[in-house]
Amino acid sequence: MTQALSTAHKQEMESRALEHELTIASEIQSNLVPKRMLKVPGYDVSAYYRPSKAVGGDYYDFIQIDEDNEGIIVADVSGKGIPGSLVMTMARAFIRMEAERSRNTSPADTLIRANRMLAQDIKKGMFVTGLYAILNKKTHELRVASAGHNPMLVWRAASNKVELVNPSGMALGIDKGPLFERTIK
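The structure presented is a predicted model; accordingly, all values stated were derived computationally and were not measured. (Residues numbered from 1 in each chain as written. Predicted model: local features only at pLDDT ≥ 70, side-chain atom pairs only at ≥ 80, totals over all residues. Heavy atoms only, no water.)

Visitor: Explain the sheet that holds strand β4 (residues 142–147) to me, please; I cannot follow it from the model alone.
Guide: For sheets, the rule is that strands pair by backbone hydrogen bonds, running either parallel or antiparallel. Spatial strand order, β1-β2-β3-β4: 4 strands in an open sheet with antiparallel pairing. Each edge of the open sheet carries a strand with a single partner, namely β1 (58–64) and β4. Taken over all neighbouring pairs, the strand axes of this sheet differ in orientation by 10° on average, direction set aside. Pairing analysis gives 9 bridges linking strand β2 (residues 69–77) to strand β3 (residues 128–136), with the strands arranged antiparallel. In the sheet register, G71 faces β3, and the bridge partner there is I134. Those strands touched by helix α2 (residues 81–102) are β1, β2 and β3, and its axis lies near 15° from that of β1. (Pairing = 2+ DSSP bridges. Helix = DSSP H or I, 4+ residues; strand = E, 2+ residues; numbered from the N terminus. Axes fitted to C-alpha atoms, helices over the stretch in contact; angles between N-to-C directions. Contact = heavy atoms within 4.5 Å.)

Dropping the structure here:
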């Protein structure tokens with residue numbers, strides 16, 4: 001009985017430690033979600049984020065590239081929980097670094113460069129789908145590239161119609177470069 005109580009106590013302590021670590025991971029992940037909503041005259045942009053577990057691989061962000069251009073990304077990692085959140089944190093860092101460092105206004109080129117880094121470090125079988133758009137706030141041009149993600153829905157107020165925007169592309173992390181680079185548009 002003493003042995004069973006000792007084992008139960010040890011398991012309870014391990015469970016509390018894991019719960020504490022998950023709480024911290026969840027707080028860290030929530031700090032990676034944008035603190036500001038994209039505000040562009042003539043556009044209505046909103047977002048809602050709630051992971052399916054304490055932490056997960058879902059991600060969205062707004063990346064100011066320069067005075068005129070704003071990046072918008074929505075992405076998801078294959079797999080959930082802690083592994084998914086770690087991979088998403090890597091993908092987020094690579095995408096932001098490429099967009100901000102080079103002030104790159106090509107969504108496809110930004111994803112190509114991020115993929116080169118991510119594909120080297122990602123566990124086999126994991127991948128990241130993403131849709132990355134860059135809005136030029138002066139010309140109102142929206143350039144979009146997809147890394148195997150769901151299509152973007154665009155609602156046109158003038159015609160009261162919804163359009164699907166779905167450029168070709170494959171998920172980040174599957175291929176180290178040549179196939180990914182030939183596929184993305």
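Now that the structure is up, let's keep going.
Visitor: Looking at this structure, I do not really get the side chain of D175. What am I missing?
Guide: Along the polypeptide, D175 turns up in the loop between β6 (161–165) and α4 (178–183). We note that D175 is buried and unpaired, the nearest opposite charge coming from R182 at a distance of 6.9 Å. A distance of 2.9 Å separates the side chain of D175 from the backbone nitrogen of G177, its partner in a polar contact. The residues contacting D175, other than those within four sequence positions of it, are N115, A119, M170 and F180. (Buried < 20%, exposed > 50% of the residue type's maximum accessible area, 1.4 Å probe, protein only. Lys, Arg positive; Asp, Glu negative; His and termini not counted. Salt bridge = Lys/Arg side-chain N within 4 Å of Asp/Glu carboxyl O. Polar contact = N/O pair within 3.5 Å; in protein donor to acceptor, adjacent residues only side chain to side chain.)

Visitor: I keep staring at the pairing of β3 and nothing clicks. Help me out?
Guide: Taken residue by residue, a regular strand's side chains alternate between the two faces of the sheet. Burial within β3 is extensive, with 9 of its 9 residues counted as buried. Where burial is concerned, the two faces of β3 agree: the one with V128, G130, Y132, I134 and N136 and the one with T129, L131, A133 and L135 are both buried. Here 5 bridges tie β3 to β4, and the two strands are oriented antiparallel to one another. Bridge assignment links A133 to a residue of β4, and that residue is V144. Following β3, the chain reverses through 5 residues before pairing antiparallel with β4; H140 in that reversal takes a positive phi of roughly 65°.

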